[in-house]
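Listed below, chain by chain, are the residues.
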Amino acid sequence: MHSQTKQNLTQYVDPYIGTGFHGHVFMGANVPFGGVQLGPVNISQGWDWCSGYHYSDQTIIGFSHTHLSGTGIGDLGDFLFMPAIGKVNLKKGTAKDMANGYISDFDRKDETAKPGYYSVILKKNKIKAEMTATERVGFQKYTFPASDQSHVVLDLVEGIGWDRAVDTYIRIKNDTLIEGYRFSKGWANDQRIYFATILSKPAKKSNCMRIQKK
């Protein structure tokens, strides 16, 4: 008999490989064969943003729970969450006009990516976002500066690439539980995904808004 020393092989993984040029590789937190790929979504600039993220970009419109990786075609991007402070913006905005949207910029030095974990500081409101995932669950942690106007936007319409929402539903069960679904059409012709979100801190106020996006 002999004992085997466990090796920490994940220390050699570089999640950034394939996120530049035409790699279309997903950036974020997931586990092998998991149903959740939780990570950041950039403002799309075309085909190279098929995974929702491209290394050349330093904008984030939110963190969604499904992404494709290495496909060369855009889809998914279901259940986009974005923390913010101040006025609630219901549009994602643009890289040139961040004031009128929930979009934020970030510095690469404030971004950490390793197997099963992703974090970044959103420069617009100085919010730190951290995330990890299990096979079926995505966990998000937001650290806000002191404010009585902190909030989180949940966008059920926004998708990646060719994805278009055809039906969405949200139900606020109580101040810590939100349920709903998102049906969409894209590369997957009839995709139907359901979700339940549990907040670690009770929401003081919740609103549902119907908006139409092109």
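Above this text is the structure in question.
Residues numbered from 1 in each chain as written. Predicted model: local features only at pLDDT ≥ 70, side-chain atom pairs only at ≥ 80, totals over all residues. Heavy atoms only, no water.

Caption draft 1: Local environment of the pairing of strand 8 (residues 127–133). By the criterion of burial, strand 8 is predominantly enclosed, with 5 of the 7 residues buried. Where strand 7 (residues 117–122) meets strand 8, 5 bridges bridge the pair, whose relative direction is antiparallel. When the sheet's bridge partners are listed, Ile121 is paired in strand 8 with Lys128. Between the antiparallel neighbours strand 7 and strand 8 lie 4 residues, among them Lys126 with a positive phi of about 55°. With 6 bridges joining them, strand 8 and strand 9 (residues 138–143) adopt antiparallel strand pairing. Each bridged residue has a counterpart across the sheet, and for Met131 the counterpart in strand 9 is Gln140. Hairpin connection between strand 8 and strand 9: a loop of 4 residues separates the two successive antiparallel strands. (Buried < 20%, exposed > 50% of the residue type's maximum accessible area, 1.4 Å probe, protein only. Helix = DSSP H or I, 4+ residues; strand = E, 2+ residues; numbered from the N terminus. Pairing = 2+ DSSP bridges.)

Caption draft 2: A look at the side chain of Arg182. Mapped onto the elements, Arg182 comes out in strand 12 (residues 177–185). For Arg182, a relative accessible area of 0% gives the class buried. Within the local environment of Arg182, its side chain forms a polar contact with the backbone oxygen of Leu156, the two atoms lying 2.6 Å apart. (Polar contact = N/O pair within 3.5 Å; in protein donor to acceptor, adjacent residues only side chain to side chain.)

Caption draft 3: Seen up close, the environment of Ile193. Inspection of the secondary structure assignment puts Ile193 in strand 13 (residues 191–198). For the pair formed by Ile193 and Thr168, sequence separation is 25 residues and the distance between their alpha carbons is 9.7 Å. Leaving out residues up to four positions away in the same chain, Ile193 has contacts with Thr66, Asp78, Phe79, Tyr181, Arg182 and Phe183. (Contact = heavy atoms within 4.5 Å.)

Caption draft 4: Main features of the pairing of strand 10 (residues 150–155). Every second residue of strand 10 is oriented toward a common face, the buried set being His151, Val153 and Asp155 and the non-buried set Ser150, Val152 and Leu154. In terms of strand pairing, strand 4 (residues 80–85) meets strand 10 through 6 bridges, oriented antiparallel. Bridge assignment links Ile85 to a residue of strand 10, and that residue is Ser150.

Caption draft 5: Summary view of the sheet that holds strand 8. One open sheet accounts for 4 strands, arranged 6-7-8-9; its pairing is antiparallel. Only two strands of the sheet have a single partner each, and these edge strands are strand 6 (111–114) and strand 9. Neighbour to neighbour, the strand axes of the sheet diverge by 15° on average, direction disregarded. (Axes fitted to C-alpha atoms, helices over the stretch in contact; angles between N-to-C directions.)

Caption draft 6: View of the packing of aromatic side chains. Tallied over the entire structure, the rule returns 7 aromatic pairs. Pairing Phe79 with Phe195 gives two aromatic rings, centres 4.6 Å apart and planes at 50°, and the pair type is tilted. Placement of Phe79 in the loop between strand 3 (62–64) and strand 4 and of Phe195 in strand 13 is noted, with a sequence separation of 116 residues between them. No difference in accessibility class separates Phe79 from Phe195, as the two residues are buried. Both rings, one in Tyr181 and one in Phe183, keep their centres 4.3 Å apart while their planes meet at 15°; by these two values the pair is stacked. Taken together, the ring pairs connect Tyr169, Tyr181, Phe183 and Tyr194 into an aromatic cluster. The residue whose ring lies beneath Arg108 is Tyr55, and the NZ or CZ to ring-centre distance is 4.1 Å. (Phe/Tyr/Trp six-rings, centres within 6.5 Å; stacked < 30°, edge-to-face > 60°. Lys NZ or Arg CZ within 6 Å of the ring centre and 35° of its normal.)

No statement about biological role is implied by the geometric values presented.
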